[in-house]
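Single-letter residue listing:
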Amino acid sequence: MTISPARARASRNRSLGRMLLVRVLGTIAVLLVLSMLIFSLMYLAPGDIVKNLLGNRPSSPEAVAAVREQYRLDDPLYAQYLHWLGGFVTGDLGESIRLQVPVADAIAQRIPLTLTLCLLAFAIAIVIAVPLGVKSAVRAGGLADRSANGLAIVGLSAPTFAVGLLLLYVFAYYLPIFPVYGAGSGGFDTLWHLVLPAVTLALGLGAIVLKLTRTAMIRELETDYVTSARARGLSPASVQRIALRNAAIPIVTGASLVLTFLVGGTVLAETTYALPGLGTLLQGSVLFKDIAVVQSLTLLVAVIIAVIALLADLAYMLLDPRIRQAGGPA
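The rules we used
Residues numbered from 1 in each chain as written. Predicted model: local features only at pLDDT ≥ 70, side-chain atom pairs only at ≥ 80, totals over all residues. Heavy atoms only, no water. Core = buried A, V, L, I, M, F, W, Y, C linked by side-chain atoms within 4.5 Å. Buried < 20%, exposed > 50% of the residue type's maximum accessible area, 1.4 Å probe, protein only. Helix = DSSP H or I, 4+ residues; strand = E, 2+ residues; numbered from the N terminus. Contact = heavy atoms within 4.5 Å. Patch = residues over 30% accessible without salt bridge, like charges linked within 9 Å, V, L, I, M, F, W, Y side chains within 5 Å. Areas by Shrake-Rupley, 256 points an atom, 1.4 Å probe, with all protein chains shown as cover. Salt bridge = Lys/Arg side-chain N within 4 Å of Asp/Glu carboxyl O. Phe/Tyr/Trp six-rings, centres within 6.5 Å; stacked < 30°, edge-to-face > 60°. Arc of directions from axis to C-beta. Axes fitted to C-alpha atoms, helices over the stretch in contact; angles between N-to-C directions. Parallel < 35°, antiparallel > 145°, perpendicular 65-115°, else oblique. Left-handed = near helix turned anticlockwise from the far one by under 90°. Nonpolar A, V, L, I, M, F, W, Y, C, P; charged D, E, K, R; others polar. pLDDT = per-residue confidence, 0-100.

> An account of the nonpolar core is requested, with residue identities and associated values reported.
If you look at the biggest cluster of nonpolar residues, it comprises 40 residues, and the most contacted ones within it are Leu196, Met217 and Leu275. Listing elements by their share of this core, those giving two or more residues are helix H5 (103-138), helix H6 (143-157), helix H7 (160-174), helix H8 (188-221), helix H9 (224-231), helix H10 (236-246) and helix H11 (248-272). Per element, the largest residue contribution to this core is 12 residues, and it comes from H8. In contact with leucine 275, not counting residues within four places along its chain, are Leu113, Leu117, Gly182, Ala183, Leu194, Pro197, Glu270 and Thr280. Core analysis: the next-biggest nonpolar cluster, separate from the first, contains 18 residues, Met42, Val50, Leu54 and Ala302 among them.

Written out as structure tokens, the structure reads:
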């Protein structure tokens, strides 16, 4: 029985719609469980929010009671969580106890810097790692391959903070080319301040992408269609482009996973370079037990990871016709 193109297209659209619906519902369930877990862990963490807020100065019992009443600290854990959840659902992220500003404003002020840092690090990693991985696969066992593997080992094994301190010593202290700390005054000055932090993050990210690209390309270069393309007299560059297109799916997978790791890496990078981004905001909020900020940032990270995973699935469908014909990701 022959299926018309229109019916096949409608079936693929329904499958895509079901995939999106399942992903959205799954993301909501994960966010709900994650919010309860983080809220409970922050509640059980050592330390007293009232003491953190009032500091070491003498305070009367009335002042302590007023602070606890203002932030509903005497309510049971479930009541505090439901109060926060109700505000979050209606768009009210609450107020930062540490900063004394709305959580939405505190996050919005720091998103541009962290986003710029992540995109810059990701761009550096992809632009350098993918061509280097292709060259390493084409000349497997040669000098270029051994050099690339050595660089990848260094990138995978070196901690982010250690790389940051080394780059600071070499390029900010010994050779005063880049700034030592801070985010600059905006525009090009901010980009200049973010070069070293971006390179610090890109070293580890690029190492992963390089290894994935090399492995995928070696597998594709050993296939029959590549041998056939070479037998037909295609140039080495054309053969490499064909192989890279078929190796794109594992590379996209690795790149999407690497992009999610940027969130954790930015905490160390921003701390090392004293950057006022989301990483330092999360670090300070955890130490202060600023639950509203930690909750909102954690859920924001979870949403970003879910969106990246969904975009990776959609990229599979664009890159592989077999997945499009099946109506969903493999």
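> Quick one: what's the story with a nonpolar patch on the surface, residue by residue and with numbers?
Together, Tyr169, Tyr173, Tyr174, Leu175, Ile177, Phe188, Leu191 and Trp192 give the surface a local cluster of nonpolar side chains, amounting to about 930 Å² of exposed area. Contributing elements (two or more residues each) for the nonpolar patch: H7 and H8. Inspection of the secondary structure puts tyrosine 174 in helix H7. Here tyrosine 174 falls in the exposed class, since its relative accessible area comes to 58%.

> So what's going on with helix H12 (residues 278-288)? Residues and values would help.
All of the buried residues in H12 are Leu278, Gly279, Thr280, Leu281, Gly284, Ser285 and Phe288. In the segment just after H12, lysine 289 is the residue with positive phi, at about 65°.

> Please set out the side chain of aspartate 145 residue by residue, giving values where relevant.
Within the secondary structure layout, aspartate 145 lies in helix H6. The buried category is assigned to aspartate 145, whose relative accessible area is 3%. Apart from the residues lying within four places of it in its own chain, the contact partners of aspartate 145 are Ser136, Arg139, Ala140 and Arg214.

> Explain the packing of aromatic side chains residue by residue, including any values.
Counted by the stated rule, this structure contains seven aromatic pairs. Consider the rings of tyrosine 169 and tyrosine 174, whose centres lie 6.4 Å apart with planes at 20°: the pair is stacked. When its relative accessible area of 48% is taken as the criterion, tyrosine 169 is described as partly exposed. Relative to tryptophan 192, the ring of phenylalanine 188 lies with its centre 6.2 Å away and its plane at 20°, an arrangement referred to as stacked. In this pair, phenylalanine 188 and tryptophan 192 are both assigned in helix H8, four residues apart and thus about one turn of the helix distant.

> Just give me the short version of the pattern of salt bridges, but keep the residues and values in it.
Throughout the structure, instances matching the rule amount to one salt bridge. One salt bridge connects aspartate 145 with arginine 214, and the closest N-O pair in it is separated by 2.7 Å. Taken together, the residues aspartate 145 in helix H6 and arginine 214 in helix H8 connect sequence positions 69 residues apart. Taken individually, aspartate 145 and arginine 214 each receive the classification buried, so the pair is uniform in this respect.

> Give me the lowdown on the environment of valine 89, citing residues and values where you can.
Among the structural elements, valine 89 can be located in helix H4 (residues 77-89). Sequence spacing of valine 89 and methionine 36 is 53 residues, and the spatial spacing of their C-alpha atoms is 14 Å.

> Tell me about H10, and please be specific about residues and values.
Of all the residues in H10, the buried ones are Ser238, Val239 and Ala243. Buried residues in H10, looked at end-on, bunch into an arc of 130°, giving them a common side. Exposed side of H10, more than 90 degrees from the buried face: Arg241 and Arg245 are the residues found there.

> How would you explain the packing of H9 against H10 if you had to name every residue and give the values?
Contact geometry of H9 with H10 gives a least axis separation of 10 Å together with a crossing angle of 160°. Relative to H10, H9 is oriented roughly antiparallel. Of the two elements, H9 crosses H10, and the hand of that crossing is right-handed. Note on element contacts: H10 touches H9 through Val239, Ile242, Ala243 and Asn246, opposite Tyr225, Val226, Ala229 and Arg230. Among the residues forming the contact of H9 with H10, the class breakdown is six nonpolar, one polar and one charged.

> Let's hear about the confidence of the model for the protein chain: which residues, and what values?
When pLDDT is averaged along the protein chain, the result is 80, and 90% of the positions lie at 70 or above. Within the protein chain, no element has a lower average pLDDT than helix H14 (residues 321-326), which sits at 56, and none a higher one than H5, at 88.

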